[in-house]
Amino acid sequence: MLKKISKYIISLILCLVILPIQAQKRGQHIEQKTDSVKVNLYNGFTVYADLASLASPLFSKGATYSYESALQVDLLHKYYPIVELGFASANKLSNDNIGFNTNALFGRLGIDFNLQKKKKDSKPINNMFQAGLRLGMSNFRYNITNVVITDNYWGGTEAIPYNNISTTKMWFEIIAGVRVEIAKNIYMGWSVRNKNLLSKDVANSPNPWYIPGFGVNSGNSNWAINYVLGYHF
Amino acid sequence: MSNKYLIYILLLLCSFGGNSCSNDEQCRKDRYIVTTAGIYNVTYNPTTKIITTTLLSLDSITVQGIGTDSIKTKKNQSSIIFSLNKITNESDFRVRFNEIVDTVKILHTNYNSYLSLECGCLVTHSIDTVITTNHFIDSVRISVHDVNTSTSAKENIKIYN
């Protein structure tokens, strides 16, 4: 599995780093010919709030909710380093009445790349197709309640408490999406995320059902959609 | 926008998509745990000085956990299935081999393994000691101490007649 992940990461780095550099070289070639508009290194920052996470309780039947926001810096209208912070909570009851609850902060660091091709000698445009990477982390405590062992043959039950378990989980995300300036300095956009855990669960241990910022921990990758509204400063 | 970039990203997302799967709140993990004992007959040939061990098939075997109402009788069997106690570390059985009754006391250590929210907890065992009366049984040997999902097809105890 680790080999698989490293293979994906290498392919991703190749796609997201080498290809934009090639594109930049092509862009430089055009600039020489056309005297294009000069682009500043720093072009302000944008604060985003995620609207899609507000709707997440509808999909989880109220078992989970999550709020998140982000701060993104615009470098050269091409590279967008980003910090995302959020708060998530879960309170789930299984069919056998086993309960799971947690609530914690989570954070992500990463970068988006603007894939929008700038036309010759045109001014920088504020709408973009983006691709990016995130490294997410959450340190949280959780409880698994009402775990009962029942012996139908010999009779008798035993309750096993799994309280206040502390853990730290890390994951990476691959992102693709769109950002559009809908009014002056106001941005709206969506992105699709594929999340993959880097911290693996320990077999036969009370692993968390839900990881703040990552979602339901089913042992596989997770998909998520963000729909954001932002203001550019 | 370059189509090339879009294709790369879509390919990457699709490749990860193959690993994801929905959580349908059903337990699909193997939770079958069973302790099996095989019954053997040992014969010694003084001429050749060779000891031969053969699996013994009995007309009827009845197993009852002492203190339980459960009595299980099987015909033409050469093995016994024991249900070890999940709560305490001792399981006592009364076993009738055809018409001869023996008591089998199994001392074991229980391990609680949490599987998931959907599956709950699984109890596995490690057999420490087996003590028996010796009416039908001559001796016993523990061949596989661990009783878990990966040993369900294995014989944990050998009972010699």
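Because the structure is predicted, anything quoted here is derived from the model rather than measured.

### Quick word on the overall build of chain B
Right, so step 1: Helices and strands together make up the secondary structure of chain B, namely 1 helix and 11 strands.
Right, so step 2: What you see in chain B, going N to C, is helices and strands ordered as α-β-β-β-β-β-β-β-β-β-β-β.
Right, so step 3: Per-residue burial for chain B yields a buried fraction of 40% across its 161 residues.
Right, so step 4: For chain B, the exposed area adds up to about 8700 Å²; of that, 50% sits on carbon and sulfur atoms.

### Notes on the environment of L71 of chain A
All names here are of chain A.
Right, so step 1: In this structure, L71 sits in strand β2 (residues 64–75).
Right, so step 2: Sequence separation between L71 and F214 is 143 residues; the distance between their C-alpha atoms is 19 Å.
Right, so step 3: Look past the residues within four positions of L71 in its chain and what remains in contact with it is F45, T46, V47, P81, I82 and V83.

### Section: the nonpolar core
Right, so step 1: Membership of the largest hydrophobic core comes to 25 residues, with the highest contact counts inside it found for F100, I144, V147, Y162 and W209 of chain A.
Right, so step 2: For this core, the elements supplying multiple residues, two or more each, are β3 (79–93), β4 (99–114), β5 (128–150), β6 (157–183) and β8 (210–211) of chain A together with β8 (120–132) of chain B.
Right, so step 3: When residues in this core are grouped by element, the largest group, 5 residues, is from β5 of chain A.
Right, so step 4: Among the nonpolar cores identified, the runner-up in size contains 24 residues, and W154 of chain A together with V63, I127 and F136 of chain B belong to it.

### So, the state of the cysteines
What makes a disulfide is a covalent bond joining the sulfur atoms belonging to two cysteines.
All names here are of chain B.
Right, so step 1: Under the counting rule described, the total for this entry stands at 1 disulfide over all chains.
Right, so step 2: Put simply, C27 and C119 are joined by a disulfide, and their sulfur atoms are 2.0 Å apart. Disulfide C27-C119: torsion about the S-S bond near 105 degrees, hence right-handed. On the criterion of sequence distance, the pair formed by C27 in the loop between α1 (3–17) and β1 (35–45) and C119 in the loop between β7 (100–116) and β8 is long-range, its members being 92 residues apart.

### Considering the environment of T132 of chain B
Residues and elements named next belong to chain B.
Right, so step 1: Turning to its location among the elements, T132 is positioned in strand β8.
Right, so step 2: With relative accessibility at 16%, the residue T132 sits in the buried group.
Right, so step 3: Along the sequence, T132 and G120 sit 12 residues apart, while their C-alpha atoms lie 34 Å from each other.
Right, so step 4: The residues contacting T132, other than those within four sequence positions of it, are T103, V104, I137 and V140.

### As for the packing of aromatic side chains
Residue and element names in this part refer to chain A.
Right, so step 1: Under the counting rule described, the total for this entry stands at 15 aromatic pairs over all chains.
Right, so step 2: Taken together, a centroid distance of 5.8 Å and an interplanar angle of 85 degrees make the contact between Y79 and F113 edge-to-face. Of the two residues, Y79 is situated in strand β3 and F113 in strand β4; the sequence distance between them amounts to 34 residues. Assigned by exposure class, Y79 and F113 land together as buried.
Right, so step 3: Through a chain of ring-to-ring contacts, the aromatic side chains of F100, F140, Y142, W209 and Y210 assemble into a single cluster.
Right, so step 4: When the ring centre of Y48 is taken as origin, the NZ or CZ atom of R179, which lies over that ring, is 4.6 Å away.

### As for unusual backbone geometry
A negative phi holds for most residues other than glycine; trans holds for most peptide bonds.
Right, so step 1: At H77 of chain A, a residue that is not glycine, the phi angle is positive and equals roughly 55 degrees.
Right, so step 2: When you line up the elements, H77 of chain A lands in the loop between β2 and β3.

### Let's talk about the confidence of the model for chain A
All names here are of chain A.
Right, so step 1: Looking at chain A, pLDDT values average 83 and 81% of them are 70 or higher.
Right, so step 2: Across residues 12–21 the pLDDT falls below 50, and counting only partners more than four positions away or on other chains, this stretch makes 16 contacts in the model.
Right, so step 3: This stretch, residues 30–34, has a pLDDT under 50; its non-local contacts, to residues over four places away or in other chains, come to 4 contacts.

### Comments concerning the sheet that holds strand β1 (residues 42–50) of chain A
All names here are of chain A.
Right, so step 1: Strands sit in the order β1-β2-β3-β4-β5-β6-β7-β10 around a closed barrel of 8 strands; the barrel is antiparallel. Across this sheet, the average inter-strand angle for adjacent strands is 25 degrees, counted without regard to direction.
Right, so step 2: Relative to β5, β4 runs antiparallel, the two sharing 12 bridges. Its bridge partner being in β5, N101 is matched across the sheet by N143.

### A few points about the sheet that holds strand β3 (residues 58–65) of chain B
Residues and elements named next belong to chain B.
Right, so step 1: Read across the sheet, 6 strands follow the order β4-β3-β6-β7-β8-β10 without closing on themselves; strand pairing throughout is antiparallel. The two strands at the open ends of the sheet, each matched to only one other strand, are β4 (71–77) and β10 (146–147).
Right, so step 2: Sheet topology places β7 next to β8; 12 bridges connect them, and they run antiparallel. Residue pairing in the sheet places H108 in a bridge with I127 of β8.

Calculation criteria
- Residues numbered from 1 in each chain as written.
- Chains lettered and ligands numbered in written order.
- Predicted model: local features only at pLDDT ≥ 70, side-chain atom pairs only at ≥ 80, totals over all residues.
- Heavy atoms only, no water.
- Helix = DSSP H or I, 4+ residues; strand = E, 2+ residues; numbered from the N terminus.
- Buried < 20%, exposed > 50% of the residue type's maximum accessible area, 1.4 Å probe, protein only.
- Areas by Shrake-Rupley, 256 points an atom, 1.4 Å probe, with all protein chains shown as cover.
- Contact = heavy atoms within 4.5 Å.
- Core = buried A, V, L, I, M, F, W, Y, C linked by side-chain atoms within 4.5 Å.
- Disulfide = S-S within 2.5 Å.
- Phe/Tyr/Trp six-rings, centres within 6.5 Å; stacked < 30°, edge-to-face > 60°.
- Lys NZ or Arg CZ within 6 Å of the ring centre and 35° of its normal.
- pLDDT = per-residue confidence, 0-100.
- Pairing = 2+ DSSP bridges.
- Axes fitted to C-alpha atoms, helices over the stretch in contact; angles between N-to-C directions.

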